[in-house]
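Now for the letters of each chain:
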Amino acid sequence: MNRYLIEKEKEAIERLKAFEPEKEPYYLCYSGGKDSDVIRILATLAGVKHEIHHNLTTVDAPETVAYIKTIKGVHINKARYPDGTPKTMWNLMPKKRMPPTRIARWCCSELKEQGGKGRLKITGVRWEESTNRRANADVIRVVGKPTATQKILENSGLSYTVTKSGGIVLNAQCGDNETVRDKKDFVHHCYIDRSVTINPIVEWSTRDVWEFLHHYGVRSNPLYQCGENRIGCIGCPLSGTKSMKSDFAKYPKYYESYIRSFKKMIDERKRLKLPTQWESGIDVMKWWLGENPDQLTLFDENELYEAMQEV
Ligand code: SF4
């Protein structure tokens with residue numbers, strides 16, 4: 001590894017050691033992608049207690065699920081409704097009454113981000129991934145109870161930033177009158193009843209990630225060898241129309257499942273007498289793939305808000 005990366009590795013390890021929970025292990029969010037492979041290796045190198053968790057979204061690529069199953073000790077979790085039945089993309093669609101979109105990513109909160117409540121999480125989030133990540137992430141990110149959180153920070157004299165998405169972020173550098181101990185105390189105080197993530201590789205470049213993985217001989221998800229740059233869900237609306245279409249060409253059974261669940265969603269909208277311009281699942285798919293941009297204003301704020309409430 002080049003000397004800059006060796007320094008970054010040391011720094012990431014120090015971050016993981018600095019915030020390690022005293023009683024239970026870290027909750028390591030593992031997607032099966034290259035960034036989460038890096039944090040998995042770093043957690044082992046740091047010698048910190050950690051559990052590796054993958055939360056199934058039910059639209060994970062089969063290759064990704066197969067790769068994750070080869071990782072020693074990984075917990076593969078399924079989201080469930082309060083009565084214990086499994087939550088899926090398909091049975092959530094009529095309940096949400098709209099497809100997931102960039103501004104209403106209800107499937108992330110219902111399926112992917114379930115788990116890890118009351119635990120200190122580690123993620124492989126990096127600034128280079130998107131402008132959104134650059135604006136809303138740092139080494140420490142806290143979501144929930146913003147007023148009380150800011151008060152604790154003010155009282156401890158720790159500097160922080162409030163992001164546009166409403167989270168509070170702190171970097172790992174300690175300014176004048178700040179100590180690592182204060183930051184650790186803050187993190188440990190907050191993670192029980194807020195969502196707190198430690199992002200040890202937030203400033204790493206994609207090149208750093210690959211160099212690190214090659215150095216440690218990690219095979220990584222086979223989809224990278226098939227030309228994928230990012231590993232995500234099949235038909236993820238965050239990946240853009242081109243990628244969605246290519247997913248559906250590659251996984252036609254998932255395309256059919258989306259069409260069927262869109263139809264159930266239309267039926268539910270009609271039953272509730274909500275406005276809909278769609279008659280078939282294919283109509284919805286065309287809209288979803290951006291072939292009819294006029295419909296982008298279809299959902300009002302109330303509907304968007306309701307879709308983001310946990311079922
Ligand atoms: S499809 Fe996209 S938005 Fe939905 S859970 Fe997967 S990553 Fe999140």
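Residues numbered from 1 in each chain as written. Predicted model: local features only at pLDDT ≥ 70, side-chain atom pairs only at ≥ 80, totals over all residues. Heavy atoms only, no water.

### Thoughts on the pairing of strand 2 (residues 50-55)
In step 1: Looking at chain direction, strand 1 (residues 26-29) and strand 2 are connected through 4 bridges and run parallel. Bridging across to strand 2, Tyr-26 finds its partner in His-50.
In step 2: Handedness of the crossover is the feature at issue here: the chain leaves strand 1, passes through helix 2 (residues 34-46), returns alongside strand 2, and the resulting connection is right-handed.
In step 3: Handedness of the β-α-β unit built from strand 2, helix 3 (residues 62-69) and strand 3 (residues 75-77) comes out right-handed. (Pairing = 2+ DSSP bridges. Helix = DSSP H or I, 4+ residues; strand = E, 2+ residues; numbered from the N terminus. Right-handed = clockwise from strand over helix to strand, strands pointing away.)

### Overview of the domain arrangement of the protein
In many reports, interface size means the accessible area that the parts give up when they come together.
In step 1: Assigned domains of the protein: these are domain 1 (3-79 + 114-208) and domain 2 (234-307).
In step 2: Tallying the contact residues gives 6 residues for domain 1 and 5 residues for domain 2.
In step 3: Together domain 1 and domain 2 conceal approximately 400 Å² of surface at their shared face, both sides included; 53% is due to carbon and sulfur atoms.
In step 4: Scanning the region where domain 1 abuts domain 2 turns up 1 salt bridge.
In step 5: Across the salt bridge formed by Lys-250 and Glu-63, the nearest N and O atoms sit 3.9 Å from each other.
In step 6: Where domain 1 meets domain 2, there are 2 residue pairs in polar contact (both at pLDDT 80 or more).
In step 7: By residue class, the composition of the side of domain 1 that touches domain 2 is 3 nonpolar, 1 polar and 2 charged. (Domains from an automatic or database assignment. Contact = heavy atoms within 4.5 Å. Buried area = accessible area lost by both parts, 1.4 Å probe. Salt bridge = Lys/Arg side-chain N within 4 Å of Asp/Glu carboxyl O. Polar contact = N/O pair within 3.5 Å; in protein donor to acceptor, adjacent residues only side chain to side chain. Nonpolar A, V, L, I, M, F, W, Y, C, P; charged D, E, K, R; others polar.)

### A short note on the packing of aromatic side chains
In step 1: Going through the model one piece at a time under the given rule, you end up with 13 aromatic pairs.
In step 2: Where Trp-90 meets Tyr-254, the ring centres are 6.5 Å apart and the plane angle is 50 degrees; that geometry is what we call tilted. Taken together, the residues Trp-90 in helix 4 (residues 89-96) and Tyr-254 in helix 11 (residues 252-271) connect sequence positions 164 residues apart.
In step 3: By relative accessible area, Trp-90 is classed as partly exposed at 23%.
In step 4: We classify Tyr-254 as partly exposed; its relative accessible area is 22%.
In step 5: With centroids separated by 6.0 Å and ring planes inclined at 35 degrees, the aromatic side chains of Tyr-258 and Phe-262 adopt a geometry described as tilted. Taken together, the residues Tyr-258 and Phe-262, both in helix 11 and 4 residues apart, mark about one turn of the helix.
In step 6: On the accessibility criterion, Tyr-258 (1% relative accessible area) is buried.
In step 7: Ring-pair connections join several aromatic residues into one group, and the members of that group are Trp-90, Phe-248, Tyr-251, Tyr-254, Tyr-255, Tyr-258, Phe-262 and Trp-288.
In step 8: Positioned over the ring face of Tyr-81 is Lys-87, at 5.8 Å from the centre of the ring.
In step 9: Here the guanidinium or amino end of Lys-95 rests over the ring plane of Tyr-81, the centre of that ring lying 5.2 Å away. (Phe/Tyr/Trp six-rings, centres within 6.5 Å; stacked < 30°, edge-to-face > 60°. Buried < 20%, exposed > 50% of the residue type's maximum accessible area, 1.4 Å probe, protein only. Lys NZ or Arg CZ within 6 Å of the ring centre and 35° of its normal.)

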